[in-house]
Amino acid sequence: MATEARTEAAPIGKTWQRPGFVPLTGLGLVLALLLWLFYNLYLHPADFFQVLLIGVTLGALYGVVALGYTLVYGILELINFAHGDVFMLGGMISATFMTEVFGLHNNPSIGYLIPVLLATLAVAMVGCGLINVTVERIAYKPLRGAPRLAPLITAIGASFILQNVGLVWKGSGYTSVPYIIRRSSNVFSVAGVTYPWFRFIVILLVVPLLLGLVYLVQATRQGKAMRAVAQDKDAAAMMGINVNRTISFTFLIAGLLAGAAGLIYVTYETEIRFDQGFQLGLIAFTCAVFGGIGNLPGAVLGALVIGLIQAFNEGLTWHSPGSTWTESIVFSILILILVFRPEGLLGERTPEGG
Amino acid sequence: MPGVQLGIGDAWWRGLEAAGLSHARWRSLPQPIRRAVVLGAIGLLALVVMAPLNGFDAAAYVAFAVLVLVLVPSWKKVPVVGKAIVPLLVLGVFAGYPYYAAKLFTMPILGPFPGMNTMVDIAVFGMMAVGLNMVVGYCGLLDLGYVAFYAIGAYSAAWFASPQFSSHFINWGAPDGAIGIGVRGFHVSIWALLIVAAVFTAIAGVVIGLPTLRLRGDYLAIVTLGFGEILPQVARNGQSLFNTGFNLTNGPQGINPVDPPGFGNGLSSLTGGILPANFTTDVDTLNIYFYTGIGLLLITLFCSIRLRDSRLGRAWIAIREDEVAAAAMGVPLMRTKTWAYASGAFFGGIAGAFYASFKGGVFPDDFYFNISVFILCMVILGGMGNVWGVLLGATVLTYLNFEGLGNIGGWLNQHLPAGPHHIDLPLYSFGIYGLVIVIIMLFRPQGLIPSARRKAELERGVHDEPLYDVEAA
C-alpha cells in the first residue's frame, strides 16, 4: 500500500521506483550467499563439484517427501505434519522387508538386488499409502467443517502417534539395513570428482517417480479431478467430482510417495530411527514452501535448492557453519522466505500468503 | 458442527427416558441437585469398583467430602463474595497440600498422590500453559514454538545468576551462601531476574512476532515451530559462537549451577524466619519452592484474567473469532497480535527463569519441540481460552508426565499376565499425548472445561455462518 502512495506522488512519466527495504535486504542476502559459494569454488573446485553432486542427490530425496506435503496442501490447505512420520514408517517397512523377508546382505549381486528393491518399493509404497489414507480418514476428515486450526492440531497429534508406532515397533535405537551397493563403485570419477553408485541410485529411483506423478496429475482423469478440487471444491462437486474420494486419493498418492522416499532414504543412509521422520519432514516442508506450496515443480526445485544448501553447509570448508547448524540454517531460510517471499519461488502471490 | 457424534449420549438418554427421567426433566432440576447426583454416582462407582481393588481408608472419604463441598453447592449465588468462593476453596486445597499429602490415600492404578517435586513442576507448567493460552486460546494464533520462550527465560536467568561469565564478578542480591568461595560470574537476585527474564522474553516475542504475525494461521504455526527448533540448536552449539570462542550457553553441558532464590539473612531474621534466607539450605526446600510457584502462578492467573477482560483482551477474542471483521471494526491487527505474543512470552519467561532456579541448572536438552506440544496439549485438553480448564489440563498432564504414567506402567506390569514384555509407559508419553490431542479435537474440541464463548464458536461455526441465514422455525 505504501508503494502505491509513493507512485501517485511521483511526477508523471517517471516509471522507475526506488526498491523497498525488504527486497533489497533479500537481494543482499542472496548476493552474499553467491559470493561465499564462488569463493569456495575458487579455493577447492574439486570439492565444490563433489559437494554439488551430494546436494543434488539430497535434493532429489527431499523432493519426493516435499511433493507429499505440497500435494496435500494444494488440495486441503493443511500442513500434514504426519507426512514425515509416514515417510519414517516407510523406511522401517523397507528395512524390515529387505533384511527379514528377503534376507539381504551387504553388497548383493545386481541380479538379486533389483527384484528385491522393486518388491520392497511396492510393499513400502502400498503400506504408506494405506497409513496415510487411514490418518486422513480418522484425523482430518471429521474436521472438514471445523476452524482451520483444528485439523492442524490433529495433524500434530497424528504425527506423535505415528512416531510412537515406530518407537513401539523398532525401539528407540537405529534400525539398519545392509549396503546395497559397494560404496567404492563409482559412476564416474573425473579430476578428483567422484559420483558413487549408491548416490546415483537415488536419482535413478526418483526420476521415474516424478515422471509418473506428472503423468498422473496432468494426463489422467483422476489427476484432472485433483486439480479441480484444489482449485475450487464447491465447483468441482457441482461438476460431479466426488470431492471426498479425490481428497482420499490425494492422500494415497502422497503416502505412496512417502513410502518410496522411505525406501530411498533407508538405502541411502542405511539406518533409520523413529524420530528422524519428523525432522526430515520439517526440512521437506521447508522445501515445499521454498518452491511455492501447492506447486509441484516448485517443490522439486525448492528441494534441490535446500539439498544444495545443506550439502554446501556441511561439505565446504571456507567459513561454513557445519552440520551442527544445518537445522538452524534450513529453518532460518524458511522464516526468511515467509518474510520476504511468502509465495515461494514459483508460487503465485495470494492474498492469504502475503 | 465439527467433531464426531458418538451416539452414546442419545442411547443413554433413551434408556433413562424409559425409566421415567427424560433429558428435559433432568435439565429442569436445580443445578446443585444434578451435581450432587452425578458426584454421588461417581463416588458410588469408586466405592464399588475401586475399593475392593485398592482398599480406601478414611482419607479417601475426607477427600471426597472436600470435593463435594467445593463442587456441589451453588457458591456463585452467595452474595458479594460468591464468585471468589470456589477459587479460594481450590486455592486452600492446594495451599494446604504439603501438610496433608503424606496422609492421603493411594489412588487405584495411579498410585500415591504427587510428591512436592511434581507439585512445583505443576505450578511451573501451569504458568506456561496459562501464558500459551493467551496466544492460542484468546487470540487464536497457533504457537508451536512456545518452548523457545521457556528457553529464553531459563537462559536469561542462568546468565545473570551463575558462574557462566567468569571474567566478571558481580553480586547483586544473591542469597547468602549461594555463591561458593572464589566463584565468579554474575550473581543477581532471582527475584530481579524473574522480571528481567520476562522482559527479555517478551522482547524476543515481539522480535519473532513482528515479521511473522502478518502470515496466516498455519504459516505462523510453522514459523514459530522453526524458531522453536532454532533456539535449542543455538543453545546446544553456543559454547563458541561463530568460532570466536565466546561462550554464550556452555553448549550441551548447559549452565550449571544456577543460584537458588532467597531473601538473604537480613530480611529473613527481620521477618522471624518466615522469608527464607536461601531456598536450598532451608529445612523444607520443596515446600518453599511450591509456595513460590503457587504465588507466581496466582500472579499469572490474575494478569491473564484481567488482560482477557481488558480492551486488549477483547480485541484478541475479536481477532480469534473473525479477523476480517475485527479489522473492519478498527482493531489494529498487527499491534494486537504482537501484544498477545509478547504477553504470552512474558509469562513463559517468568516460568522458565523460575524453573531454571528450581532445577539449579539449564540444559539444552530440556527445550525440544516435544515440550511445545506438551504445553499445547494442556491448553487443548483443558479448554482453549478458559484459564481454569487450562490449569486443570496442566495439572493432569504434568502429573501424568512426571509421576502418573510411571505409576500406571508399574501397575500394568504388575497386573498383566507375566510375559516377555516390560511396558515402559513413560517412553511412549508423547504418543499418548498425541492420542489425547486427536481424541479431544475429534470428540470434544472445546476441551474439558470449555469457555462458553469458545464452545459456541466451535459448535455454531462462527466462521462459516452467513449473517443473513435465518433459522427455519
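It should be noted that the structure appears before, not after, this text.
Here the structure is a predicted model, which means the values were calculated and not measured. (Residues numbered from 1 in each chain as written. Chains lettered and ligands numbered in written order. Predicted model: local features only at pLDDT ≥ 70, side-chain atom pairs only at ≥ 80, totals over all residues. Heavy atoms only, no water.)

Enquirer: Quick question: what am I supposed to make of the overall build of chain A here?
Expert: Check the secondary structure of chain A and you find 13 helices and 4 strands. Scaling as 2.2 N^0.38, a compact globule of 354 residues should have a C-alpha radius of gyration of about 20 Å, and chain A matches this with 22 Å. The buried share of chain A, reckoned over its 354 residues, is 51%. Surface accessibility of chain A: about 15900 Å² in total, with carbon and sulfur atoms responsible for 66%. With 19 positive and 17 negative side-chain charges, chain A shows a spacing of 6 Å between the two charge centroids. (Helix = DSSP H or I, 4+ residues; strand = E, 2+ residues; numbered from the N terminus. Rg over C-alpha atoms; globule rule 2.2 N^0.38 Å. Buried < 20%, exposed > 50% of the residue type's maximum accessible area, 1.4 Å probe, protein only. Areas by Shrake-Rupley, 256 points an atom, 1.4 Å probe, with all protein chains shown as cover. Lys, Arg positive; Asp, Glu negative; His and termini not counted. Charge placed at Lys NZ, Arg CZ, Asp CG, Glu CD.)

Enquirer: Can you help me understand the interface of chain B and chain A in this one?
Expert: Reports of interface size often rely on the accessible area that becomes lost once the parts have come together. Contacts between chain B and chain A engage 43 residues on the former and 46 residues on the latter. Regarding the contact of chain B and chain A, the summed buried area is about 4000 Å², with carbon and sulfur atoms giving 74% of it. When residues of chain B are sorted by the area they lose upon contact with chain A, R216(B), Y219(B) and I222(B) head the list and together hold 16% of the total. Here chain B and chain A share 5 residue pairs in polar contact (both at pLDDT 80 or more) between them. Listed by contribution, the elements that provide at least two residues to the side of chain B that touches chain A are α9 (190-212), α10 (217-237), α16 (369-382) and α18 (429-443) of chain B. (Contact = heavy atoms within 4.5 Å. Buried area = accessible area lost by both parts, 1.4 Å probe. Polar contact = N/O pair within 3.5 Å; in protein donor to acceptor, adjacent residues only side chain to side chain.)

Enquirer: Would you explain helix α4 (residues 58-71) of chain B in this entry?
Expert: Note: α-helices contain 3.6 residues per turn, so residues at a spacing of three or four share the same orientation. All names here are of chain B. If you check α4, its first and last C-alpha atoms are 20 Å apart, about what 14 residues at 1.5 Å a residue would give, namely 20 Å. Where α4 is concerned, the buried positions are A59, A60 and V70. Around the axis of α4, the buried residues are gathered within 105 degrees of arc, so they sit on the same side. Counted as exposed and oriented over 90 degrees from the buried face of α4: A58 and V62. (Expected span 1.5 Å × (residues − 1). Arc of directions from axis to C-beta.)

Enquirer: Could you clarify how one ought to interpret the packing of helix α8 (residues 146-160) of chain B against α16(B) in this entry?
Expert: Helix-helix packing: each pair is described by the crossing angle between the helix axes and the interaxial distance. All names here are of chain B. Packing of α8 against α16 brings their axes to within 7 Å, and their N-to-C directions diverge by 110 degrees. What the angle tells us is that α8 and α16 run roughly perpendicular. When you trace α8 past α16, the crossing you get is right-handed. Across the interface between the two elements, Y146, V147 and Y150 of α8 pack against I371, S372 and I375 of α16. Residues belonging to the contact of α8 with α16 are distributed by class as follows: 5 nonpolar, 1 polar and no charged. (Axes fitted to C-alpha atoms, helices over the stretch in contact; angles between N-to-C directions. Parallel < 35°, antiparallel > 145°, perpendicular 65-115°, else oblique. Left-handed = near helix turned anticlockwise from the far one by under 90°. Nonpolar A, V, L, I, M, F, W, Y, C, P; charged D, E, K, R; others polar.)

Enquirer: Could you clarify how one ought to interpret α16(B) in this entry?
Expert: Residues and elements named next belong to chain B. The first and last C-alpha atoms of α16 sit 20 Å apart over 14 residues, in line with the 20 Å expected at 1.5 Å per residue. With respect to burial, α16 is a largely interior element, 13 of its 14 residues being buried. G383 sits one or two positions beyond α16 and adopts a positive phi of about 130 degrees.

Enquirer: Honestly, the environment of F160(B) in this entry has me stumped. Any pointers?
Expert: Residue and element names in this part refer to chain B. Counting through the fold element by element, F160 comes out in helix α8. Here F160 falls in the partly exposed class, since its relative accessible area comes to 22%. Once the C-alpha coordinates of F160 and I170 are considered, the two residues, 10 residues apart in sequence, prove to be 9.1 Å apart. Apart from the residues within four sequence positions on either side, F160 is in contact with F186, H187, V188, L193 and F200.

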